[in-house]
Amino acid sequence: MHRLLQAIADRSGRRSVLYLLALAVALGGVVAIVVAANSQESAPTPPASAAGTINVNGPTIQPTTSSTGSPRTTGSAKPRQQAPAAPAPLAASVPTTIDIPAINVHSAVISIGQDANGTLAVPQPGPDLNKAAWYNGSVTPGQDGPSVIEGHIDSVYGPSVFFQLGAIRPGNTIGITRADHSRMTFTVNAVRAYPSHAAFPTTEVYGADLGHPTLRLITCSNFDESTGHYVGNTVVFAHLTAIHAPSGH
């Protein structure tokens, strides 16, 4: 882990140092997103055809297939055609709502930080349990860099806010409204399942596309009946494609 963080710092320079704590905290937090399943309905798993391209503004990150049949990522020096120029990044403003029409998600967004043990906190039982949660150690949506939003897949009460996350496909859109009343559209470029926490793509989620506004959505996957816990993750990668200025502001 320390070697990974040092490699990111050496490659990306001073700016990536600001992400090192978020990397370490969020990696632990991903492991902490474990909720007992109570529903007989199975959450969708993204197929290999949804793997897409993680970094639309740089070298292609190609999927490879692990022994479990799930895509993993490897860097590639092969250049690709540059994506259309993204809208100019915005100043900081916390997200307040998220809308994902393709999977009928319309949720308030809460702000969440670290647990007492230094890992990423998760929504707790109560009125915020089934809400999406923005990790406040990441940038706010619309700023340069990856903005991270997590959500439970289910709880003891049944499916939760990101239960259908694996059904998202590249080209789908995600709408984010912020406290400053700006609304932005992110377009999905990759949806991938990682069968174990050890396979979680830390660099791609937290350390890639630092110079562009991007969005990462994370939930659990791969329920292990022997332990009663989820042991993997589904991750959606998206990039900013439109900003809608608020009317009357």
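None of the values given here were measured: they were computed from a predicted structure. Each chain has its residues counted from 1, running along the sequence as written. Only residues with pLDDT of 70 or above have their local features reported here, since the model is predicted, and side-chain atom pairs are shown and tallied only from 80 upward, although totals for entire chains, interfaces and linings are computed over all residues. Calculated side-chain values reflect all of the structure's heavy atoms, with hydrogen atoms and water omitted.

S.K.: How would you explain the packing of aromatic side chains if you had to name every residue and give the values?
M.R.: In this analysis, rings of Phe, Tyr and Trp, with Trp reduced to its six-membered ring, are considered paired at centre separations within 6.5 Å, and the interplanar angle assigns stacked below 30 degrees, edge-to-face beyond 60, and tilted for intermediate values. By the definition in use, this model includes two aromatic pairs. Ring centres 6.2 Å apart and planes at 40 degrees place the aromatic pair Phe200 and Tyr206 in the tilted group. Only protein chains enter the area calculation, which uses a 1.4 Å probe; residues under 20% of their type maximum are buried, those over 50% are exposed, and those in between are partly exposed. Residue Phe200 is classed as buried on the basis of its relative accessible area, which comes to 6%. Between Phe223 and Tyr230 the ring centres are 5.1 Å apart and the planes differ by 65 degrees, which places this aromatic pair in the edge-to-face class. Given a relative accessible area of 7%, Tyr230 falls into the buried group.

S.K.: Which residues make up the sheet that holds strand β10 (residues 183-194), and what values do they have?
M.R.: By definition, two strands form a pair when at least two bridges between them are found by DSSP. Strands are runs of DSSP state E lasting at least two residues, helices are runs of H or I lasting at least four, and both sets are numbered from the N terminus onward. Spatial strand order, β3-β4-β5-β6-β11-β12-β10-β9: eight strands in a closed barrel with mixed pairing. The average undirected angle you get between the axes of adjacent strands in this sheet is 35 degrees. Direction of pairing for strand β3 (residues 95-100) relative to strand β4 (residues 105-112): antiparallel, over a ladder of four bridges. Each residue of the ladder has a partner; that of Asp99, found in β4, is His106. Comment: axis = line fitted to C-alpha atoms, over the contacting stretch for helices; angle = value between 0 and 180 degrees taken between N-to-C directions.

S.K.: I'd like to hear about the environment of Ala50, residue by residue, with values.
M.R.: Tracing the backbone through its elements, the reader meets Ala50 in the loop between α2 (14-32) and β1 (61-65). Note on Ala50: relative accessible area 1%, which makes it buried. When the C-alpha positions of Ala50 and Gly171 are compared, they lie 9.9 Å apart, and in sequence the two are 121 residues distant. Two residues qualify as a contact provided that any one of their heavy atoms is within 4.5 Å of a heavy atom in the partner residue. Every residue in contact with Ala50, bar those within four places of it in the chain, is listed here: Arg169, Pro170, Ala190 and Val191.

S.K.: Please give an account of the side chain of His152 that cites residues and values.
M.R.: Of note, His152 is situated in the loop between β6 (145-150) and β7 (154-155). Contacts described as polar in this section are N or O atom pairs within 3.5 Å, which, within protein, must combine one atom able to donate a hydrogen with one able to accept it, while residues neighboring in sequence count only if both atoms come from side chains. Within the structure, His152 has its side chain in polar contact with the backbone oxygen of Pro123 (distance 2.8 Å).

S.K.: With reference to specific residues and values, describe the environment of Gly142.
M.R.: With respect to the element layout, Gly142 can be found in the loop between β5 (132-135) and β6. Leave out the neighbours within four places in its chain, and Gly142 touches Pro89, Leu90, Arg178, Met184, Phe186, Pro213 and Leu240.

This is a description of form; function is not addressed.
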